[in-house]
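Observations on the model geometry
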Amino acid sequence: MAENENGQEQTEEPTAKRLRDSREKGQVARSREFNTLVILLIGGAYFNFLGGDFTVQIMQLLTEALTIERQLVFDVGLIIPRLQELMTRALLIITPLFILMMVIAIFAPILIGGANFSSQAFAPKFSKLNPFTGIKRIFSVQGLSELLKSLGKFVLVGTVAWFSIAGMWDALMHLGELPLVTAITQTGDMAIHLFLVASAALIAVALIDVPFQLWNHNKQLRMTLQEIKDEYKESDGKPEVKGRIRQLQQEMAQQRMMSDVPKADVVITNPTHYAVAIVYQAEKMIAPQLLAKGVDDTALAIRELAEEHNITQITAPKVARAIYFTTEIGQEIPNGLFVAVARLLAYVYQLKQDDIEELTLPDDLPVPDEYLDQRTARQVRR
């Protein structure tokens, strides 16, 4: 089982953040064997289909370059333009092949691990200049595996090339009997054939190396349980910090809630444990809304504010508890409490009339039983 530098086993799959950070550092799965295979095969295919024209152009260029006219020998001023012309023609001949190889070299790695650009990968790492680190890397398990892989490729490609040359031996022996141009053409064809066969031998190497590189990359990114916990703390915040933030948010919300108490039409109490502040504006609201609610100390503060601002307080234990359990701040009261709250509001409005000296508080306030059960009451919403 893989272990990190602290000796802890890396048993967990890398998280999305770990994978994202590795890509930002330029650490993605890559297979040099696959890249080499793609470049060689496409380069060989290019020569196989277009090698004839390429060879003819090169032969013509060499023939002209080696044919020196008499006036060039005695006039130095003509040599430089002649060289420039030959170099320009040579560049035009090899430019398509150069562009093709450059495009393949850029896009071949994308097939394994996807496209990725990281500025951090270009940053100089002076640790790589340390000779002791280099020697340690050479004689490491990975260095040994690279050596064995190189020897295996050499043996594989050499064996395939040997059998391929053996199959063309008779044709090679008769090249000296052919005209020069024909011999050169056949030599080019056999060279391209040998190149493609030897390159195709690397398919077996790539089929082994690609899955290994994907597995090894994932293995290097594996995490310990402690690393996952630390990452969670860094991304979501430490529990104590989150608790403090949550506490501050609750305090701010309570302050806003208490500032709305003076706007209430009535405060309904338990009478001591619960207190809820209700407001109803017929022109703006469909149903009465809850402005504030609290239990124990918060309920006491709501009652004190109500007394300070001359807001009517009514003792209705069932209604107060039902509203507290079922309604959040700023929400309308549930349908099941419409009748009870409406009668209480009507009672308050009648008390505010100057010609009413005494009025009896309604005692038949309907409150559904499920609204009084704290476990089920929170499921009730308008």
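About the thresholds
- Residues numbered from 1 in each chain as written.
- Predicted model: local features only at pLDDT ≥ 70, side-chain atom pairs only at ≥ 80, totals over all residues.
- Heavy atoms only, no water.
- Pairing = 2+ DSSP bridges.
- Helix = DSSP H or I, 4+ residues; strand = E, 2+ residues; numbered from the N terminus.
- Axes fitted to C-alpha atoms, helices over the stretch in contact; angles between N-to-C directions.
- Phe/Tyr/Trp six-rings, centres within 6.5 Å; stacked < 30°, edge-to-face > 60°.
- Buried < 20%, exposed > 50% of the residue type's maximum accessible area, 1.4 Å probe, protein only.
- Contact = heavy atoms within 4.5 Å.
- Patch = residues over 30% accessible without salt bridge, like charges linked within 9 Å, V, L, I, M, F, W, Y side chains within 5 Å.
- Areas by Shrake-Rupley, 256 points an atom, 1.4 Å probe, with all protein chains shown as cover.
- Salt bridge = Lys/Arg side-chain N within 4 Å of Asp/Glu carboxyl O.
- Expected span 1.5 Å × (residues − 1).
- Bend = angle between axes of the 7 residues up to and from the residue.
- Polar contact = N/O pair within 3.5 Å; in protein donor to acceptor, adjacent residues only side chain to side chain.
- Core = buried A, V, L, I, M, F, W, Y, C linked by side-chain atoms within 4.5 Å.

Taken in spatial order, the four strands line up as E3-E2-E1-E4 in an open sheet, and their pairing is mixed. Looking at which strands have only one partner, the edges of the open sheet turn out to be strand E3 (289-295) and strand E4 (312-315). Pairs of neighbouring strands in the sheet enclose a mean axial angle of 20°, with direction left out of account. One ladder, built from four bridges, connects strand E1 (residues 266-269) with strand E2 (residues 274-279); its direction is antiparallel. Opposite Thr269, over in E2, you have Ala275 as the bridge partner.

This model, assessed by the stated rule, comprises four aromatic pairs. Plain terms: the ring middles of Tyr274 and Phe325 are 5.7 Å apart, the flat faces sit at 75° to each other, and that makes the pair edge-to-face. Of this pair, Tyr274 sits in strand E2 while Phe325 sits in helix H13 (residues 317-326), and the two are 51 residues apart along the sequence. In this structure, Tyr274 and Phe325 share a single accessibility class: buried. Between Tyr324 and Phe325, the aromatic rings sit 5.8 Å apart at their centres with planes inclined by 75°, giving edge-to-face as the arrangement. Residue Tyr324 shares its accessibility class with Phe325, and that shared class is buried. In this structure an aromatic cluster arises from ring pairing among Tyr274, Tyr324 and Phe325.

The topology assignment puts Ser164 in helix H6 (residues 141-167). Using a relative accessible area of 10% as the deciding quantity, one classes Ser164 as buried. In contact with Ser164, other than residues within four places in its own chain, are His193, Leu194 and Val197.

To continue, consider a nonpolar patch on the surface. Judged by side-chain polarity, Phe98, Ile99, Met102, Val103, Ile106, Phe107 and Ile110 come together as a nonpolar surface patch covering roughly 650 Å² of accessible area. Following the sequence through the fold, Phe107 ends up in helix H4 (residues 76-107).

The next thing to look at is unusual backbone geometry. One non-glycine residue, Asp296, adopts positive backbone phi at about 60°. When you line up the elements, Asp296 lands in the loop between E3 and helix H12 (297-308). You will see that Asn310, though not glycine, has its phi angle at about 55°, which is positive. Inspection of the secondary structure puts Asn310 in the loop between H12 and E4. Its relative accessible area of 70% is what places Asn310 among the exposed residues.

The next point concerns H4. For H4, with 32 residues, the first-to-last C-alpha span of 46 Å sits near the 46 Å given by 1.5 Å per residue. Remark: the principal bend of H4, roughly 40°, maps to Ile94, with a proline, Pro96, within the next four residues. Inspection of H4 places Leu86, Ile93, Leu97 and Ile104 among the buried residues, and these make up the whole buried set.

This brings us to H13. The buried fraction of H13 amounts to seven of the 10 residues, a majority that puts the element mostly inside the structure. Residues of H13 that are buried: Val319, Ala320, Ala322, Ile323, Tyr324, Phe325 and Thr326.

Turning our eyes to something else, we now look at the side chain of Asp265. Positionally, Asp265 belongs in the loop between helix H11 (239-259) and E1. In this structure Asp265 comes out as buried when scored by relative accessible area, which is 15%. A polar contact of 2.8 Å, which involves the side chain of Asp265, links it to the backbone nitrogen of Tyr280.

This next bit is on the nonpolar core. In this structure, Ile268, Ile278, Val319, Ile323, Leu337 and Val341 are the most contacted members of the largest nonpolar core, which totals 26 residues. Elements supplying a minimum of two residues to this core: E1, E2, H13 and helix H14 (338-351). The contact partners of Ile268, leaving out residues within four places of it in the chain, are Tyr274, Ala275, Val276, Ile278, Ile314, Ala316, Val319, Ala320, Ile323 and Leu344. Within the second largest apolar cluster, 16 residues are counted, among which are Ala264, Met285, Ala292 and Ile302.

The tally for this structure, following the rule as stated, stands at four salt bridges. Among the ionic pairs, Arg89 bridges to Glu64, the shortest N-O distance being 2.3 Å. Highlighted residues: Arg89 in helix H4 and Glu64 in helix H2 (residues 32-66), separated in sequence by 25 residues. You can call Glu64 partly exposed: its relative accessible area is 29%. Salt-bridge contacts for Glu85 lead to Arg82; the nearest nitrogen and oxygen are separated by 3.5 Å. Within this pair, Glu85 and its partner Arg82 are both found in helix H4, separated by three residues, close to a single helical turn. The class of Glu85 is partly exposed, set by a relative accessible area of 38%.

Of all six residues making up E2, six are buried, and the element is well covered by its neighbours. Residues Tyr274, Val276 and Ile278 of E2 are buried on one face, and the alternating residues Ala275, Ala277 and Val279, pointing to the opposite face, are buried as well. What sits between E1 and E2 in their antiparallel hairpin is a turn of four residues. In this structure, E2 lies alongside E3, joined through six bridges in antiparallel fashion.

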